[in-house]
Amino acid sequence: MADSPQIKLDFRKSLGSFTLDINCTLAAKVSAFLGPSGSGKSTLLNCISGTLAPDDGEIVFGEEVLYASAAKINLSPEKRRFGYVFQEGHLFPHLTVAQNIRYGQPKPRKSSAAIDVLEIAEFLQRYPRELSGGQRQRVAIARALAMEPRMLLMDEPLASLDSALKARIIPYLHHVKDTFDIPILYITHAFSEAMALADEAFLIANGLIIANGEPYRLLTAPSAMPIAQLTGVENTLFLPVTASDKARGLTLLEIGNQSLVIPYTDIGIGEIAPVAVRAEDIIISLEPDISISARNILKGTIQYLDVKSEYTWLSILVEWHHLAVKVTHAARKQLQLQEGSEVYCVIKASAINLLWD
Amino acid sequence: MRITAAEVAALSLSIKVALLSLIVTFPLGLLVGWLLAKRTFPGKAFLNTLVMLPLVLPPIISGYLLLILLGKHGFIGRFIYQTFGVEIVFSELSVVIAVSVISFPLLVRGIVTGMEAVPVELENAARTLGASPIKVFWTITLPMAHRGVIGGTILGFSKSLGEFGATIMVAGNIPGKTQTMALAIFSAVHLGEDVSVYRLVFISTVVAFAAIWLTERFTLR
């Protein structure tokens, strides 16, 4: 993705008393816009897709100007060729799945990578009303990809799904990210989804971008706190199940070369378990060999340390997962924690919750 | 009980006029319905009022206004007469015009209701998938609005079959020329021809029933 086109967004749009004022450049493979409802996320996406015209400013994709108020340029949605996945799917109810997918295809073709990646071949002949919510959303994603877009816009694609289904769709989104060589703009109010997918996240509140960076850093950024507090600062991990013991009430997950013990779940071995740990439920130790009742002692390195708020926020790299950890300033000073320090994260099994269950 | 030649003429005229009116008003109805349901433009309220007016006005008044407009000395009638040498009023054409004006609001109402129910989000989704506004109309808006469109068409067609007030004003009641079923029944009642009345009423009811039943059969899945 070295020569992936950059997307420059610099525009304003007022709707009643609300004003969206965006100025940023998207360069990552997956960029997430993260914010509570009413923060202007959907307005932003509609302006990018061309279904809504900004009041002024410009939108540039690579070298191509899509919108420029000064030059009076405003490309219509069909000329922008951005695949758009809507929160409610918006499948055409009077068309079959196959017809929905064919709708945006530049040239009709029987097979399509989108159909394979989202595993929807078996219900091509059905109508949207005959599909479950999760299947509908997979078709919606496939339809947006089948048009061979230059970019994929996703507006809370998981928000209308019930909790258990979200965990099943996430792997498909990863598959899409790996298979299709196009930038993806993902909009969500859930930190967990941004953590799971995005390379860069933009926090948006009241129509303004208030912070941006890698999602795990934002999770511990003081400016993210008002938003993070809506859901709590939770670390979200998607880890494969390696073993399960119903009698002892434990399930084992693999986190790189280490293991994570969680309360028993009936998710099958080899399948992905989505789990969450709150930042304040992780204890930091400098040594691994301590007598303690907690089941998990994970080795990691402090990547990033933030002391600007009431607490010290640590971002600890465990294998390739970032864990946000909240400790007091006193504890940080006593343990002499700093960036690069090797530490052990102590987590009680019971403090790890299965996400969306 | 044998049907008379005059009755056959009235029946076939009614059907012919209703069909002709439908051919003329349907494309126009789609356009006006789409404009009213999906667009905002200056004068929209005026257009809506103009289209709906015949629904509220007594047909006699609509007919009278048409007579003024289309008569040999009327605004449109004079122009047509001077250009083509054709007199519109009291002709078969005037029946088609009268019936079209009266049935048009019903047709448009159905189309507007159907199209308003098509979520703009789906139309926008189609746009983002590369469809032009015209393609969106034919592939999304119209198919999804089909119930409203068909409903409006049935209502408009039925109205055309039975139109009376405006027709008698602009076209008169000339047997074999402008006498439709409704006018034939009116004459028969006046002349006390009870048997003829029963026959015509029966035929009218059967035709109306068949029209609606057939459409329902083809549209209800």
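Throughout what follows, the structure given in this document is the object of discussion. Computed from a predicted structure; not experimentally measured.

With that out of the way, let us pick up the overall build of chain B. Within chain B one finds 11 helices and zero strands. Order of helices (α) and strands (β) in chain B, N terminus to C terminus: α-α-α-α-α-α-α-α-α-α-α. Along the first, second and third principal axes, the C-alpha set of chain B runs to 65 × 45 × 30 Å. Relative to its 221 residues, chain B shows a buried fraction of 43%. Here the analysis covers contacts within chain B between residues at least 6 apart in sequence; of these, 70% occur between residues at least 24 apart. On chain B, roughly 11,700 Å² of surface is accessible, and the fraction owed to carbon and sulfur atoms is 73%.

The biggest cluster of nonpolar side chains holds 54 residues, and the ones touching the most others in it are A:L9, A:L26, A:F33, A:L44, A:F92 and A:L185. Top contributing element to this core by residue count: helix α5 (residues 92–116) of chain B, with six residues. Excluding anything up to four places from it in sequence, A:L185 contacts A:L26, A:S31, A:F33, A:L45, A:I48, A:M151, A:L152, A:L153 and A:M154.

Once that is clear, we can look at the environment of B:P105. All names here are of chain B. Locating P105 in the fold gives a position in helix α5. Given the relative accessible area of 0%, P105 is considered buried. Sequence separation between P105 and V197 is 92 residues, and the spatial gap between their C-alpha atoms is 30 Å. Setting aside residues no more than four positions away along its own chain, P105 makes contact with V51, M52, P54 and L55.

Our focus in this paragraph is the packing of aromatic side chains. All chains considered together, the criterion is met by seven aromatic pairs over all chains. Between A:Y84 and A:F86, the ring centres sit 4.1 Å apart and the planes meet at 5°, which makes this aromatic pair stacked. Assessed through its relative accessible area of 8%, A:F86 is described here as buried. Relative to B:F137, the ring of B:W34 has its centre 6.3 Å away and its plane inclined at 90°; by these criteria the two rings are edge-to-face. Here the residue B:W34 occupies a position in helix α1 (residues 5–38), and B:F137 occupies one in helix α7 (residues 133–144), the gap between them amounting to 103 residues.

Moving on to the pattern of salt bridges. Scanning all chains against the criterion turns up 14 salt bridges over all chains. The network of salt bridges with shared partners includes A:D10, A:R12, A:D21 and A:D56.

A few words now on α7(B). Listed in full, the buried residues belonging to α7(B) are B:V136, B:F137, B:I140, B:T141 and B:L142. Of the surrounding secondary structure, the elements contacted by the buried residues of α7(B) are α3 (97–103) of chain A together with α1, α5, α6 (120–128) and α8 (146–162) of chain B.

Taken together, the contact between chain A and chain B spans 18 residues of the former and 18 residues of the latter. For the interface between chain A and chain B, the tally reads one salt bridge. Counting the contacts that link chain A with chain B gives four residue pairs in polar contact (both at pLDDT 80 or more). Of all the secondary-structure elements, those providing two or more residues to the side of chain A that touches chain B are α2 (77–80), β7 (82–85) and α5 (133–146) of chain A.

Here is what the cut-offs are and how they apply
- Residues numbered from 1 in each chain as written.
- Chains lettered and ligands numbered in written order.
- Predicted model: local features only at pLDDT ≥ 70, side-chain atom pairs only at ≥ 80, totals over all residues.
- Heavy atoms only, no water.
- Helix = DSSP H or I, 4+ residues; strand = E, 2+ residues; numbered from the N terminus.
- Buried < 20%, exposed > 50% of the residue type's maximum accessible area, 1.4 Å probe, protein only.
- Contact = heavy atoms within 4.5 Å.
- Areas by Shrake-Rupley, 256 points an atom, 1.4 Å probe, with all protein chains shown as cover.
- Core = buried A, V, L, I, M, F, W, Y, C linked by side-chain atoms within 4.5 Å.
- Phe/Tyr/Trp six-rings, centres within 6.5 Å; stacked < 30°, edge-to-face > 60°.
- Salt bridge = Lys/Arg side-chain N within 4 Å of Asp/Glu carboxyl O.
- Polar contact = N/O pair within 3.5 Å; in protein donor to acceptor, adjacent residues only side chain to side chain.

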